[in-house]
Amino acid sequence: MAQTERAHWSGRLGFILAASGSAVGLGNIWKFPYVAGENGGGVFVLFYLLCIALVGLPAFIAELRVGQQGQANAVQSFKNLDHAGSKWRVAGWCGLVASFLILSFYSVVGGWVFDFVWLAIHGEISPDNAANVSTLLPELHASAFRQTFWHLFFMAATVFIVLAGVKDGLERYTKILMPVLLGLLMLLFFRSFATPGIGKALEFLFRFDLSSFSTDSLLEAVGHSFFTLSLGMGAILTYGSYLDKKESAFRLSLTVALLDTVIALAAGVIIFSTVFSNPGTEPNSGPGLMFITLPLLFADMDGGQYVALAFFLLVAFAALTSSVSMLEVVVAYWHEQHNVSRKKTALTVGGIIAALGLLSAFSTNVLADVTVYGLTFFDLFDKLTSLFLLPMGGLGISLFFGWKMCPKSANQIFSNPLHAAVLTWLCRIVVPAAVLIVIGSEILS
Ligand code: PHE
């Protein structure tokens, strides 16, 4: 357990790219647009922005700060800041288990994205193949072989990056992948302004129409603000622990939260301008929006196969820079606490997660009939983590930061005492209350 020299980012930019790489993922490009589509567009977007500002950002600062001050993995940081037997370390444990489980099925979805990159390269998402595009996802789901292959491919890529270390792996690859991702995103974003659907897309996303208000969309927005900022599982905590103690936690958190939000909105504009360019296509087609509706529309446009390729590559990179942050939570813990080399840890932990992920990969084919409490393994892991473990982890981290580290820590972050007090009380009361309401409503529903 002896930690002499801990690895660190080479600087602020390294952290910003890695942390925004973690935050920007399937949550922004796959989930945000379809959840917004299902929850009335503009109303959801407004709630989402409010939730990011009032819940997500303070929770992000809290998590970052626990790592930055604790200078250790998600469990040890609590011990360093409190004492060896600190009960707060349970929050770290929740995060660890959540990372383990989430990565196991996130990797399956990441695999679908790579499968679609492959399909796009081979011209399967193109006007020539338009008649078959809507069956691409169901076909993939039905094939245990394809699901397994791409899931293992995605896990292998994740392990490859993590085993190389903080600077030579995480930082090095996010420094390449994030700019490419931003470039592709901008390309598609500006292109969407030339589509006939742009006006309707902007109206759908940004027109606040109170009649579509529902408490469900509000709850969705709170839950999503946690997921999209990678909060509650110790990923930001672990990344924060590789940051110099002197760096400004507020400025860095604000930068990452802004980038994440802008990218989610841009993805929304790209997707909905495509959707609304085709009369008769609805914005509320759910999880199939990215894998079925969108490819159908790509197949119907000039040069669509290139747009499809650019789009799925963008998503693949976004997913990969997120998955490495999940694996890093577990690897940092095991590697530090048990004094095992990073390489060995990454290979072993990655192998176990990949094996566990097979249960999710098989959930749509050979194990489709096997259910636990009426849920397939994929849905079980998804629900268990997003409804329970992530909120619990986030709750623990916010309470710890708010009640144990503040006001001292908030005063170190802000020179203005009013700002410090706002942060303290957001973390003490507002964030925990929001999390408890979400958990409570899930249990009651
Ligand atoms: N924030 C990522 C996304 O939007 C998901 C994620 C959650 C990554 C938690 C790491 C930790 O897809």
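Residues numbered from 1 in each chain as written. Predicted model: local features only at pLDDT ≥ 70, side-chain atom pairs only at ≥ 80, totals over all residues. Heavy atoms only, no water.

## Describing the site of the ligand
Note the cut-off: Distances are taken per atom, and a residue is near a molecule or strand as soon as one of its heavy atoms is within 4 Å of it. Pairs of N or O atoms are called polar contacts if they sit within 3.5 Å, as long as, within protein, a hydrogen donor faces a hydrogen acceptor (for residues adjacent in sequence, only side-chain-to-side-chain pairs). Computed with a 1.4 Å probe, the accessible areas rest on the Shrake-Rupley method; for each residue, only the protein chains presented here act as cover. Strands here are runs of E lasting at least two residues and helices are runs of H or I lasting at least four, both read from the DSSP assignment and numbered beginning at the N terminus. Lys, Arg, Asp and Glu make up the charged group, whereas Ala, Val, Leu, Ile, Met, Phe, Trp, Tyr, Cys and Pro make up the nonpolar group; the residues left over, Gly among them, are polar.
Taken together, 14 residues sit near the ligand, with Ala23, Gly27, Tyr106, Phe227 and Ser230 positioned nearest. Threonine 228 has a polar backbone atom sitting 3.2 Å from a nitrogen atom of the ligand. Within the contact set of the ligand, a nitrogen atom lies 3.0 Å away from a side-chain nitrogen or oxygen of serine 230. Against a free-state accessible area of 320 Å², the protein chains account for coverage of 100% of the ligand. Looking at the shell around the ligand, the elements that each hand over two or more residues are α1 (12–23), α2 (26–38), α10 (215–228) and α14 (304–337). The class makeup of the residues in the shell around the ligand is six nonpolar, eight polar and no charged.

## Notes on the pattern of salt bridges
Stated precisely, the cut-off is as follows: Think of a salt bridge as a Lys or Arg side-chain nitrogen and an Asp or Glu carboxyl oxygen that are within 4 Å of each other. Each residue is placed in one exposure class: buried if its accessible area under a 1.4 Å probe, protein chains only, is under 20% of its type's maximum, exposed if it is over 50%, and partly exposed if it falls in between.
Considering all chains together, one arrives at eight salt bridges under this definition. For arginine 146, the salt bridge goes to aspartate 115, with nearest N and O atoms at 2.9 Å. Separated by 31 residues along the polypeptide, arginine 146 in helix α7 (residues 144–163) and aspartate 115 in helix α5 (residues 89–121) bring together distant segments of the chain. A relative accessible area of 1% means that aspartate 115 is categorised as buried. The salt bridge partner of glutamate 328 is arginine 342, with a shortest N-O separation of 2.8 Å. Of this pair, glutamate 328 sits in helix α14 while arginine 342 is found in helix α15 (residues 342–361), placing the two residues 14 residues apart along the sequence. Judged by its relative accessible area of 13%, arginine 342 is buried.

## A few points about unusual backbone geometry
Residues apart from glycine generally show negative phi values, whereas peptide bonds are mostly found in trans. Note the cis peptide between cysteine 406 and proline 407, where omega equals 5°. If you check the backbone angles, asparagine 339 has positive phi at about 55° while not being a glycine. Within the secondary structure, asparagine 339 is located in the loop between α14 and α15. Phi is positive for tyrosine 373, which is not a glycine, with a value near 50°. Here tyrosine 373 lies in the loop between α15 and α16 (377–405).

## Topic: the packing of aromatic side chains
Stated formally: Stacked, tilted and edge-to-face are the three classes assigned to paired rings of Phe, Tyr and Trp, where Trp is represented by its six-membered ring and a pair needs centres within 6.5 Å; plane angles under 30 degrees give stacked, over 60 edge-to-face, the rest tilted. Comment: the charge-over-ring label is applied if NZ (Lys) or CZ (Arg) is within 6 Å of the ring centre and within 35 degrees of the ring normal.
Overall, the coordinates contain 35 aromatic pairs when judged by the stated rule. Taking the centre distance of 6.4 Å and the plane angle of 25° together, the rings of phenylalanine 291 and phenylalanine 312 count as stacked. Taken together, the residues span a long stretch of sequence, with phenylalanine 291 in helix α13 (residues 288–298) and phenylalanine 312 in helix α14 at a distance of 21 residues. The exposure classification of phenylalanine 291 matches that of phenylalanine 312, with both residues buried. Over the aromatic face of tryptophan 403 sits the side chain of arginine 428, whose NZ or CZ is 4.3 Å from the ring centroid. The ring of tryptophan 425 carries the charged tip of arginine 428 above its face, separated from the ring centre by 4.8 Å.

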